[in-house]
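Chain by chain, the residues run as shown.
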Amino acid sequence: MAIDVSTQIPIVDGSKITKEEFYRDYYRPQKPVVLRGLWKQYPAYTKWTMDYFKKSMGSIEVGLFGNRKEDIAKTLQVPNAVMRFDDYLNLIEREPTDLRLFLFPVFKHKPELLKDFGYPNIAGPYIKIPFMFFGPAKSVVRMHQDIDMSNVFLTQFHGQKRVVLFPPSQSDLLYRLPFNVHSIVDIDHPDYEEFPGLNYAKGMSALLEHGDTIFMPSGYWHHIEYVTGGFGLAIRTVANKLPRLTRGIWGLSVLRITDNIARKINEKKWFEYKKRVAHKRALRAIEKIREKQPPLKLEPAH
Ligand SMILES: O=C(O)CCC(=O)C(=O)O
């Protein structure tokens, strides 16, 4: 049985929503939403196509990341393959592979692209370091939180993407690894025996198409599946709640450094330790849920 992610993330007209409406309904309460057409105001909306990227910067070399199982304990630091950018774009248009371009700093290679868009005035302050993401059909971005705990605005330019979100309050039920922002569960093939917490997890989903911007509030878990080959861009704002902001700074500094050092000392042992902690926390979260559930009323026997 699949995990319940049947709740649809609401979709609103992003070309019409006002700052006041966005703050009141989504940003302040930290609720996900799809802002359809938010980027219509910028040239990138029509200009950024596969052909445009192939022609304007096809000759650069790009480092690509796969979804190999053995990578689960590692952060995305060492690429699995290197290729010319236009060859890669042709590949993802043509066939499924697991190679993705993740957190691609495209603007370092071509700073003129920065003139093709702005930062929508519905939120702020923005962290002005945009990243692009490219991927082939069927590739999956395994479930994670962003380590800086920022609010993410992810816009789709080409292809379709299925996004599944879970609130940060469900981190323990999703077996978040300590000192890390990854989960060890595969939500597409949930193993309820090994991960009983998944019985209680409940997410929401949306299908993104060209011109859709999904707002993923700070700390939200995201699992992304490329339905067709395509690409998108993420911009971020600083977490607007103090605990998340503190958690983001902590994540970028102490947690990341500790995790890197411990992995260098004994990667296998460290990973086993983190998994044990994740299981313990999940059991505690399940117990809490069960305590809150009212006891079953027994009908008197007749
Ligand atoms: O769209 C993608 O490929 C990944 C996006 C993502 O994980 C993010 O913006 O944090």
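Structure: above.
Residue positions are given per chain, counted from 1 along the sequence in the order it is written. Where local features are concerned, this predicted model is filtered to residues with pLDDT of at least 70; where side-chain atom pairs are given and counted, the filter is 80 or more; whole-chain, interface and lining totals use all residues. Calculated side-chain values reflect all of the structure's heavy atoms, with hydrogen atoms and water omitted.

A. View of the overall build of the chain. When you go through the chain residue by residue, the secondary structure sums to six helices and 14 strands. Radius of gyration here is computed from C-alpha atoms only, and the compact-globule reference equals 2.2 Å multiplied by the residue count raised to the power 0.38. Over its C-alpha trace the chain gives a radius of gyration of 20 Å, about what one expects of a compact globule, namely 19 Å for 302 residues. For the chain, the spread of C-alpha atoms along the three principal axes comes to 75 × 50 × 40 Å. For the chain, with 302 residues in total, the buried portion stands at 50%. Should any heavy atoms of two residues lie within 4.5 Å, those residues are counted as being in contact. A fraction of 82% describes how many contacts in the chain between residues 6 or more apart in sequence connect residues 24 or more apart. A 1.4 Å probe and the Shrake-Rupley method give the accessible areas. Residues count as covered only by the protein chains that appear here. If you sum the accessible surface of the chain, you get close to 15,600 Å²; carbon and sulfur atoms cover 57% of it. Put simply, DSSP marks the helices as runs of H or I at least four residues long and the strands as runs of E at least two long, and each gets a number from the N terminus on. Buried, partly exposed and exposed residues are distinguished by accessible area as a fraction of the type maximum, computed with a 1.4 Å probe on protein chains only: under 20%, between the cut-offs, and over 50%, respectively.

B. Fine view of the packing of aromatic side chains. Only the six-membered ring of Trp is used, alongside the rings of Phe and Tyr, when aromatic pairs are assigned; centres must lie within 6.5 Å, and planes under 30 degrees apart are stacked while those over 60 apart are edge-to-face, with the rest tilted. Taken as a whole, this structure holds 31 aromatic pairs when the rule is applied. Each ring, one from tryptophan 39 and one from tyrosine 42, has its centre 5.2 Å from the other, and the planes form 80°; the classification is edge-to-face. An identical accessibility class is assigned to tryptophan 39 and tyrosine 42; each is buried. Taking the centre distance of 5.1 Å and the plane angle of 50° together, the rings of tyrosine 119 and tyrosine 126 count as tilted. Of the residues examined, tyrosine 126 reaches a relative accessible area of 14% and is grouped as buried.

C. Seen up close, the nonpolar core. What is meant by a nonpolar core is a set of buried Ala, Val, Leu, Ile, Met, Phe, Trp, Tyr and Cys residues, joined one to another through side-chain atoms within 4.5 Å. In terms of nonpolar packing, the biggest core is built from 41 residues, with Phe22 and Trp48 touching the most fellow members. Per-element accounting of this core gives the leading share, five residues, to helix α4 (residues 85-94). The contacts of phenylalanine 22, once residues within four sequence positions are left out, are Ile17, Tyr27, Val33, Leu35, Ile122, Ala123, Phe153 and Phe215. Grouped together as the second largest cluster of nonpolar side chains are 20 residues, Val34, Tyr220, Ile224 and Ala234 included.

D. Representation of the pairing of strand β7 (residues 126-135). Of all 10 residues making up β7, seven are buried, and the element is well covered by its neighbours. Relative to β7, strand β6 (residues 101-104) runs antiparallel, the two being bridged by two bridges. When the sheet's bridge partners are listed, leucine 101 is paired in β7 with phenylalanine 134. Two strands pair if DSSP finds at least two bridges between them.

So far we have only geometry, and geometry alone does not tell us how the molecule works.
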